[in-house]
Amino acid sequence: MAIVWFIVRRLLAMLVLLFVISFLVFSLLYLAPGSAIDVLLKNVPRTPETVGALTAKYHLDEPFITQYWIWLRGALRLDFGESIQTTLPVTGEILARLPVTVFLALYAFVIEMAIGLVVGVLAALRQRTLADRGLVALTVVGLSTPAFVSGVFLLYVFSAALGWFPAFGAGEGFLDRLWHLTLPAFSLAIVGSAFVVKHVRAAVLAVLDQDYVTFARARGLSRSKVLFQYVLRNAMIPILGVSAMVLAFLLIGAVFIEVTFSINGMGSLVVKAANSQDLPMIQGVAIFIALIVMGFNLLADLAYLAADPRVRNRTLA
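Summary of the structure given here. Note that the structure is predicted; figures quoted are calculated from it, not measured.

The rules behind each value
Residues numbered from 1 in each chain as written. Predicted model: local features only at pLDDT ≥ 70, side-chain atom pairs only at ≥ 80, totals over all residues. Heavy atoms only, no water. Helix = DSSP H or I, 4+ residues; strand = E, 2+ residues; numbered from the N terminus. Buried < 20%, exposed > 50% of the residue type's maximum accessible area, 1.4 Å probe, protein only. Contact = heavy atoms within 4.5 Å. Areas by Shrake-Rupley, 256 points an atom, 1.4 Å probe, with all protein chains shown as cover. Patch = residues over 30% accessible without salt bridge, like charges linked within 9 Å, V, L, I, M, F, W, Y side chains within 5 Å. Salt bridge = Lys/Arg side-chain N within 4 Å of Asp/Glu carboxyl O. Core = buried A, V, L, I, M, F, W, Y, C linked by side-chain atoms within 4.5 Å. Expected span 1.5 Å × (residues − 1). Bend = angle between axes of the 7 residues up to and from the residue. Axes fitted to C-alpha atoms, helices over the stretch in contact; angles between N-to-C directions. Left-handed = near helix turned anticlockwise from the far one by under 90°. Nonpolar A, V, L, I, M, F, W, Y, C, P; charged D, E, K, R; others polar. Phe/Tyr/Trp six-rings, centres within 6.5 Å; stacked < 30°, edge-to-face > 60°. Parallel < 35°, antiparallel > 145°, perpendicular 65-115°, else oblique.

## Description of the overall build of the protein
Right, so step 1: In terms of regular secondary structure, the protein is built from 15 helices and zero strands.
Right, so step 2: Relative to its full complement of 317 residues, the protein shows a buried share of 41%.
Right, so step 3: Partitioning the contacts of the protein with sequence separation of at least 6, the portion at a separation of at least 24 is 73%.
Right, so step 4: Total accessible area on the protein stands at roughly 17,100 Å², and carbon and sulfur atoms take up 70% of it.

Following this line, the structure appears as structure tokens:
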């Protein structure tokens, strides 16, 4: 029963946060330069008929709070209106491109966590050695390299020069998509893996100093058994807390790296919407991304509770 109440509390907190985000997102229409009519008209000739039609469609003659309430009721049904640029439903365009972006983010997450865990554990086990210093130096370089810079480098080497991977597109089917999105996923994972290495190294070093690890070694247990049953098992607990932050970063980063690799996902949708000031599309994308990020955070919290009985007992008490 306690876990159910915890989930309910988290969902209520998410609803409050989503309400605040929705209010800020809706306000973009009025924060943009010019009047709301100017933003919605774009290059369409300004005539009394078009102004009247837009005023009626977006309820611009109503008070701001009334307009927001009408928009919010539609947003709760995932109805964000029509794109100014294409006149197609915003939700339909987002749902058509969202799977590619989510696939890319999850692919990069798997690569990032694999690299981060392996390198972080090796650095911790070789503490204060040349290998440790070299791996830590690489993490500094990785953290300092923007994803689009590493993307251009990987694109030139492995696509243009060697021809091992496609230069653009997302592919069709699971295996083809996996092949097409390998370079973009590695581009995203480079920065994040350096962040994961830093936390994994710190978590493993903290566990290695614990008494139960010393006792396990004194009992004559093999090095691999101590590592997997005692060190990694306990070091993974704080790493789970970092995973939600990593996944959220990758989801947002995927939107931007898609432009480098000409992937027809949420990235190109956001760029086109921003260039054309397509506010209904920007509003819809912002709400969808917020929903996904908050959902990932909730899953990470539940995994954290499942992994650490101490946190579970303290949180659910």
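The discussion continues.
## Re a nonpolar patch on the surface
Right, so step 1: A grouping of Val16, Phe19, Val20, Phe23, Leu24 and Ile65 is seen on the molecular surface, where their side chains present a nonpolar patch of about 560 Å² in accessible area.
Right, so step 2: A per-element tally of the nonpolar patch places helix α1 (residues 2-26) first, with five residues.
Right, so step 3: Tracing the backbone through its elements, the reader meets valine 16 in helix α1.

## Things to note about the nonpolar core
Right, so step 1: Counting residues in each nonpolar core, the largest one holds 63 residues, and the members touching the most others are Trp71, Ile94, Leu104, Val204, Val231 and Met266.
Right, so step 2: Sort the elements by how many residues they give to this core and helix α12 (residues 223-260) lands first, with 15 residues.
Right, so step 3: Leucine 104 has contacts with Leu181, Pro184, Ala185, Leu188, Ala254, Ile257, Glu258 and Ile263, leaving out every residue within four places of it along the chain.
Right, so step 4: Listed in part, the five residues of the second largest apolar core include Met14, Leu18, Ala290 and Leu298.

## Some details on the environment of serine 276
Right, so step 1: Position of serine 276 relative to the elements: it lies in the loop between α13 (266-275) and α14 (279-307).
Right, so step 2: Under the relative-accessibility criterion, serine 276 is labelled buried at 14%.
Right, so step 3: Put simply, serine 276 and glutamine 85 are 191 residues apart on the chain and 7.0 Å apart in space, counted from C-alpha to C-alpha.

## A closer look at unusual backbone geometry
Right, so step 1: Here leucine 78, not a glycine, exhibits a phi torsion of approximately 60 degrees, which is positive.
Right, so step 2: When you line up the elements, leucine 78 lands in the loop between α5 (64-76) and α6 (90-125).
Right, so step 3: For leucine 78, a relative accessible area of 35% puts it in the partly exposed group.

## Focus: α6
Right, so step 1: Here α6 is 36 residues long and its end C-alpha atoms lie 51 Å apart, about the 52 Å a rise of 1.5 Å per residue gives.
Right, so step 2: Its maximal kink placed at arginine 97, α6 deviates by approximately 35 degrees, while the proline proline 99 follows within four residues.

## Comments concerning the packing of α6 against helix α10 (residues 182-208)
Right, so step 1: Between α6 and α10, the least distance of the axes is 5 Å, while the angle of their chain directions is 35 degrees. In the packing of α6 onto α10, the handedness of the crossing is right-handed.
Right, so step 2: Within the contact of α6 with α10, the residues separate by chemical class into 23 nonpolar, five polar and two charged.

## With respect to the environment of lysine 57
Right, so step 1: Mapping lysine 57 onto the fold places it in helix α4 (residues 48-57).
Right, so step 2: Between the C-alpha atoms of lysine 57 and glycine 81, which are 24 residues apart in sequence, the distance is 9.6 Å.

## Overview of the packing of aromatic side chains
Right, so step 1: Inspection of the entire model under this criterion finds eight aromatic pairs.
Right, so step 2: Between tryptophan 71 and phenylalanine 80, the ring centres sit 6.1 Å apart and the planes meet at 55 degrees, which makes this aromatic pair tilted.
Right, so step 3: When its relative accessible area of 5% is taken as the criterion, phenylalanine 80 is described as buried.
Right, so step 4: The rings of Phe19, Phe23, Phe26, Tyr68, Trp71, Phe80 and Phe288 are connected pair by pair, giving a single aromatic cluster.

## Let's talk about the packing of α6 against α13
Right, so step 1: One way to put it is that α6 packs onto α13 with a least axis distance of 8 Å and a crossing angle of 130 degrees. It follows from the interaxial angle that α6 and α13 lie oblique. Contacts from Glu93, Ile94, Arg97, Leu98 and Thr101 in α6 reach Met266, Ser268, Leu269 and Lys272 in α13.
Right, so step 2: Here the contact of α6 with α13 is composed, by residue class, of four nonpolar, two polar and three charged.

## Some details on the environment of isoleucine 111
Right, so step 1: Residue position: isoleucine 111 is located in helix α6.
Right, so step 2: Taking the C-alpha atoms as reference points, isoleucine 111 and alanine 185, 74 residues apart in sequence, are found 7.6 Å from one another.

## Digging into the side chain of threonine 101
Right, so step 1: The topology assignment puts threonine 101 in helix α6.
Right, so step 2: Each residue touching threonine 101, except ones within four places of it in the same chain, is listed here: Leu251, Ala254, Val255, Glu258, Gly265 and Met266.

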